[in-house]
Amino acid sequence: MTEEQLARGLKGVVIDKTESSKIDGKLGKLIYHGYDIHDLAEKSTFEEVCYLLWHGKLPTQKELDDLSRSLAENRALPPQILQIIDLVKATHPMDALRTGVSALATFDPDTEDNSPAANLRKAIRLTAQTATIVAAHERIRKGQKAVAPDPSLNHAANFLYMLKGEKPDAESARAIDLDLLLHADHSSNASAFAARVTTGTNADMHAAIVSAIATLKGPAHGGAAQAVMTMTAEIGEPERAEQWVKDAIAAKKRVMGFGHRVYKTEDPRARHLRDRVRHMGEKYGQVKWFQILSRVEEAMAPYRERGIYVNVDFYAGAAYSLLGIPEDLFIPMFALGRMPGWITQILEQWADNILLRPLLKYVGPVDLPYIPISERK
Ligand code: CMC
């Protein structure tokens, strides 16, 4: 590709090989290392998916137990990180997460060691500690004390425990577990690409994860679930959904939770969250969000012929809301789910590293005479 051949947004550009995940955008299929997302959603857990992505195979019971124990043992944060979280408590939770991971680099014994063994140790620590950062920040900003992790709970249940200070019921814990595993990897998405760009310069894993977190924050990527709930609140009643969508489209606004760079049919992850939101809404007597979202989906049906279908974020926000998770924690939730995928792509990048350095087509002026500052108008 030369400077003359523009690939804006890198649409359709294949940047490397991966064994981590594959999206078939036409068929609406997603696989993690060979396994269909529907099988994993029904039968697997977040910890098992971490193992699959990092080791390229499903674990034996012992391997899964070992990884689960390592994750549980590495959840605690150095006290200085809790102090830093306290200092930045007024910031957006995504910024607190980014700051926390950046600060963790100071305390991690392996920060500068990029060997495969050290990278695996950092993978475990970062996956475990990021959940603690998000939960601790939420509590500290509310004036509460951070809750120490409980090693008897799995990653999802412990997260809810650290967030709320009470052990969650099995269904709530499973809803988070499912949400995390559905978000675990998604090929060359913008944040994973950012992690690869950073790794391409031989920068360490903490640096790459900071890049990924920063990139996930935008509404075109991780911010959509929060925007969907803002939209749901604005619509207010199911019968207002159709007109709201018509007005939004007429005003050339994007309906959040719809459309995808790769999927031109329904995002396969959406089905599982739709089912959860319907089920939890009925269980908790809070069916309005599901009704509004269903009506928005119906109103968006004409846009399917243009390849605009519901994506993972459309029902994720309602699932979080039903679990009592505040709206500005939705992107951090996405980040916690995406950690194993970012890490596996960082590991892949390290395994055969290359500097990611594309070209830009220069369209600015040329040959301008340099005018001394005293003569400029
Ligand atoms: N609502 C209305 N129109 C849309 C939407 C939408 N959500 N998404 C795409 N379009 C239209 C867009 O206006 C454009 O129309 P036209 O050709 O007339 O200008 C056409 O579809 C193509 O849009 P595009 O921006 O060129 O397509 P893209 O592949 O670059 O966009 C996207 C992908 C995700 C940025 C976009 O669909 C979008 O902004 N969606 C809303 C935000 C959202 O839900 N993001 C979460 C994505 S899934 C989570 C993740 O993996 O990060």
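The text that follows walks through the structure, step by step, so that each part is easy to find. (Residues numbered from 1 in each chain as written. Predicted model: local features only at pLDDT ≥ 70, side-chain atom pairs only at ≥ 80, totals over all residues. Heavy atoms only, no water.)

### A look at the site of the ligand
Spelled out, the test is: Near, as used in this document, describes a residue that has one of its heavy atoms within 4 Å of the molecule or strand being considered. For the purposes of these results, a polar contact is taken to be a pair of N or O atoms within 3.5 Å, where, inside protein, one atom must be able to donate a hydrogen and its partner to accept one; residues adjacent in sequence count only when each atom of the pair is a side-chain atom. All accessible-area figures derive from a Shrake-Rupley calculation using a 1.4 Å probe, and residue coverage is judged against the displayed protein chains alone.
Contacts to the ligand come from 17 residues, most closely from His221, Arg254, Val255, Gly257 and Phe258. Within the side chain of Lys11, one N or O atom sits 3.1 Å away from an oxygen atom of the ligand. Within the side chain of Asn311, a nitrogen or oxygen atom sits 2.9 Å from an oxygen atom of the ligand. For the ligand, whose accessible area on its own is 930 Å², the fraction buried by protein is 72%.

### Brief notes about the side chain of Glu48
Under the convention used in this document: Strands are runs of DSSP state E lasting at least 2 residues, helices are runs of H or I lasting at least 4, and numbering of each runs from the N terminus. We call a residue buried when its accessible area falls under 20% of the maximum for its residue type, exposed when it is over 50%, and partly exposed in between, using a 1.4 Å probe and counting protein chains only. Charge convention: Lys and Arg are scored as positive, Asp and Glu as negative, and His as well as the terminal groups of each chain are ignored. Any Lys or Arg side-chain nitrogen found within 4 Å of a carboxyl oxygen on Asp or Glu counts as a salt bridge. Here, residues are in contact when the closest pair of their heavy atoms is within 4.5 Å.
Structurally, the position occupied by Glu48 is in helix α2 (residues 46-55). No salt bridge is formed by the buried Glu48. Its closest oppositely charged neighbour is Arg174, at 8.6 Å. Engagement of the side chain of Glu48 in a polar contact is seen with the side chain of Ser44, the distance being 2.7 Å. Setting aside residues no more than four positions away along its own chain, Glu48 makes contact with Lys43, Leu58, Pro59 and Leu64.

### A closer look at the packing of helix α11 (residues 224-235) against helix α15 (residues 313-322)
Where we set the bar: Comment: axis = line fitted to C-alpha atoms, over the contacting stretch for helices; angle = value between 0 and 180 degrees taken between N-to-C directions. Each angle receives one of four descriptions, namely roughly parallel if under 35 degrees, roughly antiparallel if over 145, roughly perpendicular if within 65 to 115, and oblique otherwise. Charged means Asp, Glu, Lys or Arg here, nonpolar means Ala, Val, Leu, Ile, Met, Phe, Trp, Tyr, Cys or Pro, and polar covers whatever is left, Gly included.
Across the interface, α11 lies against α15 with an axial gap of 7 Å and an inter-helix angle of 75°. The orientation of α11 relative to α15 falls into the category roughly perpendicular. Contacts between α11 and α15 pair Ala224, Ala225, Val228, Met229 and Met231 from the former with Asp313, Phe314, Ala316, Gly317, Ala318 and Ser321 from the latter. Taken together, the residues of the contact of α11 with α15 break down into eight nonpolar, two polar and one charged.

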